[in-house]
Amino acid sequence: MARTQEDRRAQTRALLIAAAADLFARKGFHAVSAEAVADAADRTTGALYDHFGGKDGLLLALVEQWKAESAARILVRVEEADDLDGRLRALWTDSIAPHELEGDVWLLLEFELFLHAARDPVIAHALTERYAEARASLAVPLVAWAKAERLSVPRDPERTAGLVIGLLLGMAMQHRVDPTAFSPDDIVAGLRSLIQGGAEA
């Protein structure tokens, strides 16, 4: 069956986003030209501008795609675990090697997004929304996990979720440069303490 124009456009968009994710992570956002992204995707620079308006638009699309996929995808595997420690271990494992991206690529791209957002209010707004959505998505299962373990429910589930995300990102940074510094058991203990520490008295 012949592909429709809509199918071809969707494929081009996906190829450009995948190429951008790889190049931005390995070389840095500012070091990569629109032409380099288009070449890596085997598409024209005109196609990149047609779909995204330029490099900034491509980065925004990447943020939006991750925002839509990341929280729900991670929680699928996490919910397969039998207890809280198993869920927290799965959360950590998926945080250092999420989706089809290698762990290093994801982490480096996360830093690239943050650095660009720190200098660009448009990107900052998109990244702020992404983190807010991640906190909201994680808050619901955190409450369910606490109840399942007969723990007190966190006073403010979204704030507790934000602390969990912060610990995961910080530990992923340290793991990137020294994978032996902390064991998965250390990470699980830290995550559990955040959940218990945020519980209602």
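Residues numbered from 1 in each chain as written. Predicted model: local features only at pLDDT ≥ 70, side-chain atom pairs only at ≥ 80, totals over all residues. Heavy atoms only, no water.

## Some points on the packing of aromatic side chains
Geometrically, a pair of aromatic rings is defined through the distance of the ring centres and the angle of the planes.
Inference 1: Evaluation of the coordinates by the stated rule reveals one aromatic pair.
Inference 2: Both rings, one in Phe24 and one in Phe29, keep their centres 5.0 Å apart while their planes meet at 65°; by these two values the pair is edge-to-face.
Inference 3: Judged by its relative accessible area of 3%, Phe29 is buried.
Inference 4: Above the face of the Phe29 ring, Lys55 is positioned so that its terminal group lies 4.4 Å from the ring centre.
Inference 5: The ring of Tyr131 has Arg130 lying over it, and the distance from NZ or CZ to the ring centre is 5.7 Å. (Phe/Tyr/Trp six-rings, centres within 6.5 Å; stacked < 30°, edge-to-face > 60°. Buried < 20%, exposed > 50% of the residue type's maximum accessible area, 1.4 Å probe, protein only. Lys NZ or Arg CZ within 6 Å of the ring centre and 35° of its normal.)

## Details of the nonpolar core
Here is a general trend for soluble globular proteins: nonpolar side chains tend to be buried in one another's company.
Inference 1: One finds Phe24, Val37, Leu58, Leu109, Leu138, Trp145 and Val164 to be the most contacted residues of the largest nonpolar core, which totals 53 residues.
Inference 2: With nine residues, helix H4 (residues 55–78) is the largest single contributor of residues to this core.
Inference 3: Other than its neighbours up to four places away in sequence, Val164 contacts Leu91, Leu138, Leu142, Leu191, Leu194 and Ile195. (Core = buried A, V, L, I, M, F, W, Y, C linked by side-chain atoms within 4.5 Å. Helix = DSSP H or I, 4+ residues; strand = E, 2+ residues; numbered from the N terminus. Contact = heavy atoms within 4.5 Å.)

## A word on helix H1 (residues 5–27)
An α-helical segment advances 3.6 residues per turn. Residues three or four places apart therefore align on the same side.
Inference 1: Taking 1.5 Å as the rise per residue, H1 with 23 residues should run 33 Å; its terminal C-alpha atoms sit 32 Å apart, in good agreement.
Inference 2: Every buried residue belonging to H1 is among Thr12, Leu16, Ile17, Ala19, Ala20, Ala21, Leu23, Phe24 and Ala25, and all of these are buried. (Expected span 1.5 Å × (residues − 1).)

## Considering empty space enclosed by the protein
Inference 1: Inspection of the entire model under this criterion finds two cavities of 30 Å³ or more.
Inference 2: A volume near 30 Å³ is recorded for the second largest cavity.
Inference 3: In terms of lining residues, the second largest cavity is bounded by Trp92, Met171, Gln174, His175, Asp178, Pro179, Ala181 and Phe182.
Inference 4: Considering each element in turn, the lining of the second largest cavity owes the most residues, three residues, to helix H8 (residues 157–177).
Inference 5: Of the residues assigned to the lining of the second largest cavity, the class counts are five nonpolar, two polar and one charged. (1 Å grid on protein atoms, 1.4 Å probe; cavity = no way out; pocket = protein on both sides within 12 Å on 5 of 7 lines; lining within 4 Å. Points joined across faces, edges and corners; volume = space filled by probe spheres on them. Nonpolar A, V, L, I, M, F, W, Y, C, P; charged D, E, K, R; others polar.)

## Some points on the packing of H8 against helix H9 (residues 184–197)
Inference 1: In the contact formed by H8 and H9, the axes pass within 9 Å of each other and the chain directions differ by 160°. Classified by the angle their axes make, H8 and H9 are roughly antiparallel. In this structure, H8 meets H9 at a crossing whose hand is right-handed. Contacts from Thr160, Leu163, Val164, Leu167, Leu168 and Met171 in H8 reach Ile187, Gly190, Leu191, Leu194 and Ile195 in H9. (Axes fitted to C-alpha atoms, helices over the stretch in contact; angles between N-to-C directions. Parallel < 35°, antiparallel > 145°, perpendicular 65-115°, else oblique. Left-handed = near helix turned anticlockwise from the far one by under 90°.)

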